[in-house]
Amino acid sequence: MIDVDSQERQLAELVAIYPAADQLAGRFAAAGHELHLVGGTVRDTLLYGRATGDLDFATSARPPETERILRGWVDDIWLTGARFGTVSARKDDVVFEVTTYRSDSYEPGSRHPDVRFGDDITTDLSRRDFTCNAMAVDLLHRRFVDPFGGLVDLQRRLLRTPLSAETSFADDPLRMVRLARFAAVLDADVDDDARAAATAMATQLSTISRERIRDELDKLVVAPAVARGLNLLCDTGLAAQFIPELPALRMQRDPAHHHKDVYAHTIAVVERCPADDLVLRLAALLHDIGKPATRRFVAGGNVTFHHHEVVGAKLARQRLTALRYPTRVVQQITELVRLHLRFHGYWGQGWTDSAVRRYVRDAGSPDQLRRLNLLTRADVTTQNERRARALQAAMDDLEWRIERLRQQEELDALRPPLNGHQIMAHLGLQPGPEVGEAYRFLLDARIERGPLSEAQGYELLDTWAAGRTS
């Protein structure tokens, strides 16, 4: 909790954390320019006693002057953002950005601002997204600059915009998704004006690139208060603009039929997955998105969702691809969605060793197997404690059997006893579909029987080939 009355002490501690900032301020002052520590650097230092990313500065100097001040003092300098006012640099192990004061304006419907440099810190701060990010430290005069009450809002865990919410969101509609992201990261409430504006302006997200939205979703889904952020996305209609499958889980329930609240269950599963694994959290978010399309009412007041994991995997692939996720990440997540019910074939009836091997093989890499098991455990949100304990015990048993097999044989990289070259040489084949068929036959035999010698492999291969020619 931030003590508003200890502002001066916090300021002194903040500056002491970054001695390089003092040196930098002296260089700018000698050149006749102001320099402020700004944005997330100030917010995170007040919250956590340290910055959680690179240092951000704002200055009255234009980019060419900033470059001149930094040259010869920093170890590296990057000018890729100079036309937008930002010069990036590294001094020892500190990376920072110095940006000229801005007074940007946006044309309605435009994705990019008309970059205009400003002359004072207050105007610059007014163009930022939220008051908690619109605080600064005047490094030369050791003065805390907070024209919009960001420190009080941070102490209250309240998200507000410096200007009107409509103006702020019109400037950059991505700020509406950032609103949900910061609600999740800071476990913060959202003020009524910001909520109302996000609801009214949700469709303006169509002007924002999917990549920028994806990046905000990534930060939201691993945040401490992820439920708060996801609920805000759905309540305002923002989610419907880029991940409509999520609010669709809020299916209207027929009083005559019974099934659990799929949306609430999904949020619970996300929360139960480790926050340090983005792929797993996204898989949890999407694991049941096939349910609305597969819901069927059956006799006795029950509801079924047959094959929702297959439908869900297809929908997940489409959505993740639309959000421009890397191909590998798309594959990892969709496979977790497709396989998330596989364990239930083990529950209640047990599996043979060959079935356990197939489960491991289908999961893929050891990391994917770990994720699948964690997702399976998180998916158990039943209020029936006896059933929950039994399901967790069954997963314990499956993991024990996997480990036992791993100690007995090469389980994480299941391969047949012969490779493709050996198959071709033995059968006199050229590269082609037949080689692949033979390889899969031997792999299935390896999974079914366990480790096989090369001699056994050749014997099986002869049997396979004879069966094809008979």
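Numbering of residues starts from 1 in each chain and follows the order in which that chain's sequence is written. Where local features are concerned, this predicted model is filtered to residues with pLDDT of at least 70; where side-chain atom pairs are given and counted, the filter is 80 or more; whole-chain, interface and lining totals use all residues. Neither water nor hydrogens contribute to the side-chain values; these are computed over all heavy atoms in the structure.

A.B. asks: Explain the state of the cysteines here, please?
C.D. replies: Each disulfide consists of a covalent bond between the sulfur atoms of two cysteine residues. By convention in this document, the label disulfide applies to cysteine sulfur atom pairs within 2.5 Å. Under the criterion given, the structure shown has zero disulfides. You can see Cys273 has no disulfide; the closest cysteine sulfur is in Cys234, sitting 17 Å from it. Classification of Cys273 as buried rests on a relative accessible area of 3%. When accessible area is computed with a 1.4 Å probe and restricted to protein chains, residues below 20% of their type maximum are described as buried, those above 50% as exposed, and intermediate ones as partly exposed.

A.B. asks: Sorry if this is basic, but what is going on with the nonpolar core here?
C.D. replies: Across soluble globular proteins, you tend to see nonpolar side chains buried next to one another. By convention a nonpolar core is built from buried Ala, Val, Leu, Ile, Met, Phe, Trp, Tyr and Cys residues, the set being connected through side-chain atoms within 4.5 Å. Judged by nonpolar contacts, the single largest core of 121 residues is most densely connected at Phe57, Leu70, Phe96, Leu159 and Phe169. When near neighbours in sequence (up to four residues on either side) are disregarded, Phe169 contacts Phe130, Thr161, Arg175, Met176, Leu179, Ala194, Ala197, Ala198 and Met201. In this structure, Ile423, Val435, Ala438 and Ala445 belong to the second largest nonpolar core, which totals 13 residues. Contacts were defined at the residue level, with two residues in contact if any of their heavy atoms lie within 4.5 Å.

A.B. asks: Is there a simple way to think about the environment of Gly53 in this case?
C.D. replies: Here Gly53 lies in the loop between α3 (40-48) and β2 (55-59). Residues Gly53 and Gln331, 278 residues apart in the sequence, show an inter-C-alpha distance of 30 Å. The secondary structure listing takes helices from DSSP runs of H or I that are at least 4 residues long and strands from runs of E that are at least 2 residues long, numbered from the N terminus.

A.B. asks: What is the right way to read the pairing of strand β5 (residues 94-100) from this model?
C.D. replies: In the case of a regular strand, side chains alternate between the two sheet surfaces. Here the rule is simple: two strands pair whenever DSSP picks up at least two bridges between them. Looking at chain direction, β2 and β5 are connected through five bridges and run parallel. By the bridge assignment, Asp56 is partnered in β5 with Glu97. Bridging between strand β4 (residues 86-91) and β5 involves six bridges; their strand directions are antiparallel. What sits directly across from Thr86, in β5, is Thr99. Joining the antiparallel neighbours β4 and β5 is a turn of two residues, in which Asp92 adopts a positive phi near 60 degrees.

A.B. asks: It is not clear to me how the packing of helix α2 (residues 19-30) against helix α4 (residues 63-70) should be interpreted in this structure. Could you clarify?
C.D. replies: Two quantities define a packed helix pair, namely the angle between the axes and the distance from one axis to the other. Fitted lines through C-alpha atoms give the axes, limited to the stretch in contact for helices. The angle between two N-to-C directions lies from 0 to 180 degrees. Axis separation between α2 and α4 bottoms out at 10 Å; the angle between their running directions is 120 degrees. Our classification of the angle between α2 and α4 gives oblique. Where α2 crosses over α4, the two elements pack in a sense that is right-handed. Packed against α2, whose contacting residues are Leu24, Arg27 and Phe28, the element α4 presents Thr66, Ile69 and Leu70 at the interface. What sets the label is the angle itself: under 35 degrees gives roughly parallel, over 145 gives roughly antiparallel, 65 to 115 gives roughly perpendicular, and the rest give oblique. Note on convention: near helix rotated counterclockwise from far helix by under a right angle means a left-handed crossing. Clockwise means right-handed.

A.B. asks: Would you mind going over the sheet that holds β4 with me for this structure?
C.D. replies: The pairing of strands in a sheet happens through backbone hydrogen bonds and is either parallel or antiparallel. Strands sit in the order β3-β4-β5-β2-β1-β6-β7 across an open sheet of seven strands; the sheet is mixed. Since the sheet does not close on itself, it has two edges, and those belong to β3 (76-78) and β7 (143-145), each with one partner. Put simply, the sheet's adjacent strands are angled 25 degrees from each other on average, direction ignored. Sheet strands in contact with α3 are β1 (35-38), β2, β6 (136-138) and β7, and its direction is about 55 degrees off that of β1.

A.B. asks: Got a minute to help me understand the pattern of salt bridges in this structure?
C.D. replies: Side chains that carry opposite charge are capable of pairing whenever their charged atoms lie near each other. Whenever Lys or Arg places a side-chain nitrogen within 4 Å of a carboxyl oxygen from Asp or Glu, that contact is recorded as a salt bridge. Inspection of the entire model under this criterion finds 38 salt bridges. Put simply, Arg160 and Asp153 hold a salt bridge, and the shortest N to O gap is 2.8 Å. For Arg160, a relative accessible area of 26% puts it in the partly exposed group. Residues Glu403 and Arg406 are paired through a salt bridge, measuring 2.9 Å at the closest nitrogen-oxygen approach. One end of the pair, Glu403, and the other, Arg406, are both in helix α20 (residues 385-408), three residues apart, so they sit about a helical turn from each other. One network of salt bridges, in which partners are shared, links Asp129, Arg178, Arg181 and Glu216.

A.B. asks: I tried to follow the side chain of Asp277 on my own but got confused; where do I start?
C.D. replies: As for its position among the elements, Asp277 is in the loop between α13 (262-272) and α14 (278-286). Note on Asp277: relative accessible area 6%, which makes it buried. Between N or O atoms, a polar contact is any pair within 3.5 Å; within protein, one atom must be a potential hydrogen donor and the other a potential acceptor, and residues adjacent in sequence are included only when both atoms are from side chains. Here Arg371 takes part through its side chain, which lies 3.0 Å from a polar atom of the side chain of Asp277. Residues within four places of Asp277 in sequence aside, it is in contact with Arg370 and Arg371.

A.B. asks: Honestly, helix α23 (residues 454-469) in this entry has me stumped. Any pointers?
C.D. replies: One full turn of an α-helix is made of 3.6 residues, so residues set three or four places apart face in the same direction. The span one expects for a helix is its residue count, reduced by one, times 1.5 Å. In this model, α23 (16 residues) spans 23 Å end to end at C-alpha, consistent with the 22 Å of a helix rising 1.5 Å per residue. The complete set of buried residues in α23 reads Gly457, Leu460, Leu461, Trp464 and Ala465. Seen end-on, α23 carries its buried residues on one side only, within an arc spanning 135 degrees. Opposite the buried face of α23, by more than 90 degrees, sit the exposed residues Ala455, Glu459, Thr463 and Thr469. Its buried side turned inward, α23 meets α21 (420-427) and α22 (433-449). Here the arc refers to the set of directions running from the helix axis out to each C-beta atom.

A.B. asks: Teacher, can you tell me more about the pairing of β2 here?
C.D. replies: The buried fraction of β2 is high, at four of five residues. Summarising the sheet, β1 and β2 pair through three bridges and their orientation is antiparallel. Bridge pairing in β2 links Leu37 to Phe57.

A.B. asks: I keep staring at unusual backbone geometry and nothing clicks. Help me out?
C.D. replies: Glycine aside, a negative phi is what most residues show, and trans is what most peptide bonds show. Backbone geometry places Arg142, a non-glycine residue, at a positive phi of 50 degrees. By the secondary structure assignment, Arg142 is in the loop between β6 and β7. When its relative accessible area of 37% is taken as the criterion, Arg142 is described as partly exposed. Despite not being glycine, His307 has its phi angle at roughly 65 degrees, a positive value. Summarising the element assignment, His307 is placed in the loop between β11 (302-304) and α16 (308-322). Judged by its relative accessible area of 57%, His307 is exposed.

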